[in-house]
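Below, each chain spelled out in residue letters.
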Number of protein chains: 2
Amino acid sequence: MARNHMILSAFFFNPQGDHRMSWRHPRAPGREVLGFDYYRELVQAAERARIDTIFVADHVSIWDSVKSGVAHYANARLEPLTLLSALAGVTRHIGLITTASSSYSEPYNVARLFASLDHISQGRASWNVVTSAMDEEARNFGRDGNIEHAFRYQRAAEFLDIVKGLWDSWEDEALLFDKDSGYFADPDKVHVLDHRGTHFKVRGPLNVPRPPQGHPLIVQAGSSEDGKNFATAHADAHFAIYSTREDGIKYREDINERLARHGRRPESFNILPGILPIVAASEAEARDRQDYLQTLLPDRVGIDLLSSWSGIDLSAYPPDGPLPQLPDESTFNGGRTSLNRVRQWATQNLTLREIARKLANSGSVPTVAGTPKQIADQLQDWFEAGAADGFNLMFPLLPEDWVNFAEQVVPELQRRGAFPTEYAPGTLRDRFGVARPANRFAEQRANQRAVS
Amino acid sequence: MARNHMILSAFFFNPQGDHRMSWRHPRAPGREVLGFDYYRELVQAAERARIDTIFVADHVSIWDSVKSGVAHYANARLEPLTLLSALAGVTRHIGLITTASSSYSEPYNVARLFASLDHISQGRASWNVVTSAMDEEARNFGRDGNIEHAFRYQRAAEFLDIVKGLWDSWEDEALLFDKDSGYFADPDKVHVLDHRGTHFKVRGPLNVPRPPQGHPLIVQAGSSEDGKNFATAHADAHFAIYSTREDGIKYREDINERLARHGRRPESFNILPGILPIVAASEAEARDRQDYLQTLLPDRVGIDLLSSWSGIDLSAYPPDGPLPQLPDESTFNGGRTSLNRVRQWATQNLTLREIARKLANSGSVPTVAGTPKQIADQLQDWFEAGAADGFNLMFPLLPEDWVNFAEQVVPELQRRGAFPTEYAPGTLRDRFGVARPANRFAEQRANQRAVS
Ligand SMILES: Cc1cc2nc3c(=O)[nH]c(=O)nc-3n(C[C@H](O)[C@H](O)[C@H](O)COP(=O)(O)O)c2cc1C
Ligand SMILES: Cc1cc2nc3c(=O)[nH]c(=O)nc-3n(C[C@H](O)[C@H](O)[C@H](O)COP(=O)(O)O)c2cc1C
C-alpha cells in the first residue's frame, strides 16, 4: 500500500448504468440522457463526495453487428469529449477521464482536444487510450473489419508517443506574453516534432500550449497481454478486471515486474479494478436488485452479446447448452480481455444463457453489495492488502447506485479515515500521486548545454 | 431584406482580438486566455446583449512557416470544440459556431462532435466547414504541403454529405425508450449509411441520435469561387468579405444566382460580411485607437504575414517598395480569398509595409468606427439595403471592443427596433430563419411506402 488513501473513480459507458439493460429499469433515466442537466447533477453529486474522478467510456460505433443490438440496446449517447468539456465548466475538482481511439483518430487532433480540456479544467483531464476492438468501429473509418491485434497496439504506441511529443512542443516557460518586447513566445522553447514513423508523419508544434499536467493523465483499460504491456510502458493508471483480493495481489506482482522492465517503480502506476457496487439495506436486498435487473434482459440480447464477445455466431445454439469451442486468443482480433472472460465461464460449465446474464451484468467485474459498512469494509480490505490502489465504480443502475454510493459509502470511508474529506489542491496527477512528466525537448536542450 | 432583423455574430480567432498584434495592447488579456473564465465572461456579455451567436475560428497548426511567427504571433490557444462545449454548459441561448477541417479529420468523428454539442446546447451548434489552406496544417497530418485547391473542395463536399447522412442515420422518432417492450429504438428508423465514395468509406449509423436542429447549422467562410459554390450548394450561412454596401448588394445577387442553380431560394441562405467595429466617443478617437494598434506590429511580422498570404517570400524585398507579380489564382493552392485581398491592394499601388499593416488589421474587412449611433446607422443601412443579413463582428481588441459593442451598440439597435430585446425561442436554425432539414432516410422510406 504505497498510497495513503484509495482512489475512487465513478464510471459509466451507458448513461443508464453498467448493466446492459439498465435503461429498462423503472427508475432509469429516459430522454434526459441526451441533455446536459442529467450529467451535471450526476457529476456534482460525485464532486460533493470528493470522488477523485469520473470515467466516461466510449466506442466509435453503435453495437449492431447483431440484430437485437439496434432494437434493444441503449446505443444512442453523447460524445464524451464534448460532454466532459461541458462538465469541466461546472465543476472545480473532479477528474475527467475519457476514451479516445488511437486507431480511428489523428494524433494532432487528439493531442489538441485533451490539452485544451486540461487547460479548461485546470489540470483535470485524462485520456483512456484504446485501440478499438469492434468490427462495427472499423467500418465507420474506411475499413471492412477490425485491424490485427498486435498492429493496433504498435500503432497505439506510436500514436501516444506523438501526442506526448506534441504536448511537449511548447515548453512550460515558452510563453512570454511580453507586450513590451513583442515576444509572445521564446522561439527556443517552441519545438517542431518532425515525427516520421511507421504509421504517422507529424510535424508540430501543437497550437495549444503545454497542458497544466504536462501530459494529461494517461490511463489504459483492459487486461490482455498487449494491453498490460502497453499500460506498463506508457500509462499512469490501469483499469483492470479481476474478481478476488488474492487475484488482485497477484495482478499487482505481475504488473510490477512489467514496470521494472521499463525501469519504473510501482508507485508510478495505479491499478483500479472494476467493481460493481450496490448499496442496499442488506445483502439480500442487493441480490434482489441484481436479480430484478437480470429479468430485463431479453434472451436474444444475451445470446447476441455473447456472440459479440466470443466472436462466434451463437444464434443457432441451444441457450441452455454449453458454449462451443472458443477462438484461439493469439489470433483473435476482437477484444481479448472480453474473450478471456467468456473463456473463464465456459470452463465453469455455465450455459449460454447463464454466461449471457453474467455478461449483461458488467461481465466478470465482482459485485460488491451490501450496507455502506459492508462495502466500505471490502474496499478497505482490498486496498490495505495491496490488491488495489482504488476502484473503478461500475454502477449497475444510474443515477441511483451512483448517488447512493456517493452519499452513503463515501461518508463511511471518510469516517474511517480511508478517504479524504476534502480535495487536496493540485491537478489530477497530483491526486493520483504520479509525477508531472519532464519535457523531452527541455531535457534535450539541457543535455546539449551540458555537452557544449 | 427578407429577414425582419439583422443577425449579429461575435467572432474571434485570436482570443486577444482580431488585430494580429492585439495581444500586445496594454489592455489585452495575458495568460487568462488559457483559462475558462475569460471566455465565460466574454460570452455571457454577448448573451446579455442577445447577440445571436459567437464564432470561434480555428486552424490546425501554428503559423510558423515564417520565422517571426513563433516569436511574435499569438499562436497558442485553446481548441474550440472543447471550449464551446464548456461554454454550452454556462449559457442558454447564444449560438456556438466553430470551425472543423474537412481535410484533416474523419467524418464520423466530426459528425459526433457537432451532434453532441447540439444536444448539450439544445440546438445551438454550428459547423464552419473549412478545407484548410496552410502548408503548416498539411504537415501536421502526414503531408508535405497543402492539398490541391479543387481536390480539397471535392473532398469537403463528400465529407459534408457523409456527415449529414450520419446525422440522419437516426430518424427523429427512432428513439422509443420503451421500457415495457424492451424496444430502445425502432430498428426501421435507424439506418446504415454504407457510403462508398471517392475519398471515404463510412458505414454508420452514428452513435449519437439526430441533433435537435436536425443538422447543426452549416456555415462556410471565405469568398473564393470554390468557396462560394460550396456554400451555395451545401451551407445555410456564409461569412463573406466585402468593403462597401454596393459590393454587398452585388455579392447578394451573385450568390442568389448560384443558389438558384441548386434550386434554392435566397431566404434559405444568410450572408454575414465581416466588419471591424470600434466603438468610440468620436470617429477621431476610433482612428487613434486603430493607429495605436498598428504601432504594435513589428515590421518583420507584417512582411512575413504578407509572405504567407501571397505565397511569395518577401523578406528580401524593400518594405517601402511595391509587391512583385502575384501567383496565378487558378493554380494557387493556398487561401485564394486571402490572395485576392492582397491583389486588390497591389493594384492600388500600396507598398509592402502599407499592405502588411492593412493585413494585420483583419485584412480587407471594413472598419465601422464611431459612436454607437454612427455604428448602428451603418449596420442598419447595409441591412435595409439588402447588402447583409447580419454581421460577423471581428473586434480588433478583446475583451473591450466586444463588451463595448454589446453594451453600447446593441442597445442602440434595440431602441430602434433593429435588433430584438429577447431571444426568440427555438434553435439557432430558427434564429437564422432556415428550415430544419428533412431526414434523407425518412424521405426514402416515405417514397418507398408511396410506391408500394
Ligand atoms: C474498465 C474498462 C473500460 C474500458 N473502456 C473502454 C472504452 O471506453 N472504449 C473501448 O473501446 N474499450 C474499452 N475497454 C476495453 C479495452 O480497453 C480494450 O480495448 C479491449 O479490451 C480490447 O483490447 P484487448 O484485446 O487488448 O483486450 C475497457 C475495458 C475496461 C476493463
Ligand atoms: C470570417 C472568416 C472566417 C474564417 N475562418 C476560418 C477558420 O476558422 N479556419 C480556416 O481554416 N479558414 C478560415 N477562413 C478561411 C476560409 O474559410 C478558407 O478556408 C480560406 O479562405 C481558404 O480557402 P479559399 O482558397 O477557398 O479561400 C475564414 C474566412 C473568413 C472570411
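Definitions and limits used
Residues numbered from 1 in each chain as written. Chains lettered and ligands numbered in written order. Predicted model: local features only at pLDDT ≥ 70, side-chain atom pairs only at ≥ 80, totals over all residues. Heavy atoms only, no water. Helix = DSSP H or I, 4+ residues; strand = E, 2+ residues; numbered from the N terminus. Rg over C-alpha atoms; globule rule 2.2 N^0.38 Å. Buried < 20%, exposed > 50% of the residue type's maximum accessible area, 1.4 Å probe, protein only. Contact = heavy atoms within 4.5 Å. Areas by Shrake-Rupley, 256 points an atom, 1.4 Å probe, with all protein chains shown as cover. Axes fitted to C-alpha atoms, helices over the stretch in contact; angles between N-to-C directions. Parallel < 35°, antiparallel > 145°, perpendicular 65-115°, else oblique. Left-handed = near helix turned anticlockwise from the far one by under 90°. Nonpolar A, V, L, I, M, F, W, Y, C, P; charged D, E, K, R; others polar. Near = heavy atom within 4 Å. Polar contact = N/O pair within 3.5 Å; in protein donor to acceptor, adjacent residues only side chain to side chain. Pairing = 2+ DSSP bridges. Right-handed = clockwise from strand over helix to strand, strands pointing away. Least-squares fit on C-alpha atoms with pLDDT ≥ 70 in both. pLDDT = per-residue confidence, 0-100. Buried area = accessible area lost by both parts, 1.4 Å probe. Salt bridge = Lys/Arg side-chain N within 4 Å of Asp/Glu carboxyl O. Expected span 1.5 Å × (residues − 1). Bend = angle between axes of the 7 residues up to and from the residue. Phe/Tyr/Trp six-rings, centres within 6.5 Å; stacked < 30°, edge-to-face > 60°.

Enquirer: Would you mind showing me how to read the overall build of chain A here?
Expert: When helices and strands are counted, chain A shows 16 helices and 13 strands. A compact globule built from 452 residues would reach a C-alpha radius of gyration of about 22 Å, and chain A, at 22 Å, matches this within 12%. Of all 452 residues assigned to chain A, the portion counted as buried reaches 64%. Considering only contacts in chain A between residues 6 or more positions apart, those separated by 24 or more positions represent 77%. Carbon and sulfur atoms provide 47% of the accessible area of chain A, an area that totals close to 16100 Å².

Enquirer: Is there a simple way to explain the packing of helix α3 (residues 80–88) of chain A against helix α4 (residues 107–120) of chain A in this structure?
Expert: The description of two packed helices rests on the angle between their axes and on the distance between the axes. Residues and elements named next belong to chain A. With their axes 9 Å apart at the nearest point, α3 and α4 run at an angle of 15° to one another. Considering the angle they form, α3 stands roughly parallel to α4. Like other packed secondary-structure pairs, α3 and α4 cross with a definite hand, here left-handed. When α3 is examined against α4, the residues L81, L84, S85 and A88 are found in contact with a partner set consisting of L113, F114, L117 and I120. Considering only residue class, the contact of α3 with α4 consists of seven nonpolar, one polar and no charged.

Enquirer: Looking at this structure, I do not really get the environment of B:V208. What am I missing?
Expert: Relative to the elements of secondary structure, B:V208 occurs in the loop between β8 (201–202) and β9 (217–221). In this structure B:V208 comes out as buried when scored by relative accessible area, which is 1%. Separated by 178 residues in the primary sequence, B:V208 and B:G386 place their C-alpha atoms 39 Å from one another. If near-sequence neighbours (up to four positions away) are discounted, B:V208 is found in contact with A:R77, A:E79, B:R112, B:A115, B:S116, B:H119 and B:W170.

Enquirer: Would you mind going over unusual backbone geometry with me for this structure?
Expert: Excluding glycine, residues mostly carry a negative phi; peptide bonds, for their part, are mostly trans. The omega torsion of the bond from A:G204 to A:P205 falls at -5°, within 30 degrees of zero and hence cis. Assignment of secondary structure puts A:P205 in the loop between β8 (201–202) and β9 (217–221). The omega torsion across B:L398 and B:P399 is -5°, close enough to zero to call that bond cis. In this model, A:R50 sits at a positive phi of 70°, which is unusual for a non-glycine residue. Among the secondary structure elements, A:R50 is positioned in the loop between α1 (37–48) and β2 (53–56).

Enquirer: Just to check I follow, could you spell out the site of ligand 2 for this structure?
Expert: Residues and elements named next belong to chain B. Not every one of the 22 residues close to ligand 2 is listed here, only the nearest: Y153, A221, S224, R336 and T337. A distance of 2.6 Å is found between an oxygen atom of ligand 2 and a backbone nitrogen or oxygen belonging to R336. Separating an oxygen atom of ligand 2 from a side-chain N or O atom of T337 is a distance of 2.4 Å. Burial of ligand 2 by the protein amounts to 91% of the accessible area it has alone, namely 620 Å².

Enquirer: Can you help me understand the pairing of strand β1 (residues 7–12) of chain B in this one?
Expert: Sheet faces and side chains relate simply in a regular strand, where the side chains alternate between the two faces. All names here are of chain B. Among the six residues in β1, six count as buried, and that is most of the element. Here β1 shows a buried face lined by I7, S9 and F11 and a second buried face lined by L8, A10 and F12. Note that β1 and strand β13 (residues 390–394) share five bridges and pair parallel. Directly across from A10, in β13, lies its bridge partner L393. As defined by bridge partners, β1 adjoins strand β2 (residues 53–56) across four bridges and the pair is classed as parallel. Note on β2: the bridge partner recorded for F11 is F55. With helix α1 (residues 37–48) bridging β1 and its parallel neighbour β2, the resulting β-α-β unit is right-handed.

Enquirer: How should the relation of the copies chain B and chain A be read in this particular structure?
Expert: One copy of the chain maps onto the other through a rotation about an axis followed by a shift along the same axis. The two copies are related by a screw operation: chain B maps onto chain A through 180° of rotation and 0.0 Å of translation along the axis, at an RMSD of 0.0 Å. Those values place the two copies in the arrangement expected of a two-fold rotation axis. Among all residues of chain B, the minimum C-alpha distance to the rotation axis is found for B:A86, at 1.9 Å. A symmetric contact is evident, with 100% of the interface residues of chain B recurring at the interface of chain A.

Enquirer: What is the right way to look at the confidence of the model for chain A in this model?
Expert: Detailed conclusions should not be drawn from predicted coordinates in areas where pLDDT is low. Summarising the model, chain A shows a mean pLDDT of 94, and 99% of its residues fall at 70 or more. Interface confidence for the predicted complex, expressed as ipTM, amounts to 0.95; the pTM equals 0.96.

Enquirer: How should I be thinking about the interface of chain B and chain A in this particular structure?
Expert: For interface size, the figure often reported is the accessible area lost on association. Tallying the contact residues gives 77 residues for chain B and 77 residues for chain A. Of the roughly 6500 Å² buried at the junction of chain B and chain A (both faces included), carbon and sulfur atoms supply 59%. Among the residues chain B hides against chain A, the three largest losses belong to B:K179, B:F184 and B:R203. Together they make up 11% of the total. The tally of links between chain B and chain A comes to six salt bridges. With a shortest N-O distance of 3.1 Å, A:D64 and B:R203 are connected by a salt bridge. Scanning the region where chain B abuts chain A turns up 44 residue pairs in polar contact (both at pLDDT 80 or more). Mapped onto the side of chain B that touches chain A, the elements with two or more residues apiece are α2 (67–72), α3 (80–88), α4 (107–120), β5 (175–178), β6 (183–185) and β8 of chain B. Considering only residue class, the side of chain B that touches chain A consists of 38 nonpolar, 20 polar and 19 charged.

Enquirer: How should I be thinking about the site of ligand 1 in this particular structure?
Expert: Residue and element names in this part refer to chain A. Every one of the 21 residues lining ligand 1 counts as a neighbour, but Y153, A221, S224, R336 and T337 are closest to it. Measuring from an oxygen atom of ligand 1, one finds a side-chain N or O atom of T99 at 2.7 Å. The side chain of T337 places a nitrogen or oxygen atom 2.4 Å from an oxygen atom of ligand 1. Listing elements by their share of the shell around ligand 1, those giving two or more residues are β4 (125–130), α6 (149–168) and α11 (336–347). Among the residues making up the shell around ligand 1, the classes are represented as nine nonpolar, 10 polar and two charged.

Enquirer: Would you mind going over helix α14 (residues 400–415) of chain A with me for this structure?
Expert: Working note: α-helix, 3.6 residues per turn, so residues spaced by three or four point in the same direction. Residue and element names in this part refer to chain A. Taking 1.5 Å of rise per residue, 16 residues should cover 22 Å, and α14 covers 22 Å from first to last C-alpha, within 8% of that figure. Along α14, the sharpest kink reaches roughly 30°, centred on A406. Buried residues of α14: E400, D401, W402, F405, A406, V409, V410, E412, L413 and Q414, and no others. Backbone geometry just downstream of α14 places G417 in the positive-phi region, at approximately 75°.

Enquirer: Would you take a moment to explain the side chain of B:T337 for this structure?
Expert: Residue and element names in this part refer to chain B. Summarising the element assignment, T337 is placed in helix α11 (residues 336–347). Here T337 falls in the buried class, since its relative accessible area comes to 18%. Leave out the neighbours within four places in its chain, and T337 touches G222, S223 and S224.

Enquirer: In this structure, what is going on with the packing of aromatic side chains? I would like to understand it.
Expert: Two numbers describe a pair of aromatic rings. These are the distance of the centres and the angle of the planes. Counting across every chain of the model gives 40 aromatic pairs over all chains. On the basis of an interplanar angle of 80° and a centroid distance of 5.5 Å, the ring pair of A:F159 and A:F200 is categorised as edge-to-face. Placement of A:F159 in helix α6 and of A:F200 in the loop between β7 (195–196) and β8 is noted, with a sequence separation of 41 residues between them. Residues B:Y104 and B:F141 carry aromatic rings whose centres are separated by 5.0 Å and whose planes lie at 20° to one another, so their mutual orientation is stacked. Of this pair, B:Y104 sits in the loop between β3 (95–101) and α4 while B:F141 sits in the loop between α5 (135–138) and α6 (149–168); the two residues are 37 residues apart in sequence, bridging distant segments of the chain. For the residue pair B:Y104 and B:F141, the accessibility class agrees, reading buried in each case.

Enquirer: How should α6(B) be read in this particular structure?
Expert: The end-to-end C-alpha distance of α6(B), which contains 20 residues, comes to 29 Å, matching closely the 28 Å that a straight helix rising 1.5 Å per residue would cover. Two or three places before B:A150, at the opening of α6(B), B:E148 has a side-chain oxygen 3.4 Å from that residue's backbone nitrogen.

Enquirer: Where do I start with the pairing of β9(B) in this structure?
Expert: All names here are of chain B. With respect to burial, β9 is a largely interior element, four of its five residues being buried. For strand β4 (residues 125–130) and β9, the ladder comprises three bridges, and the chain directions are parallel. Bridge pairing in β9 places N128 opposite V219. Across three bridges, the pairing between β9 and strand β10 (residues 237–240) is parallel.

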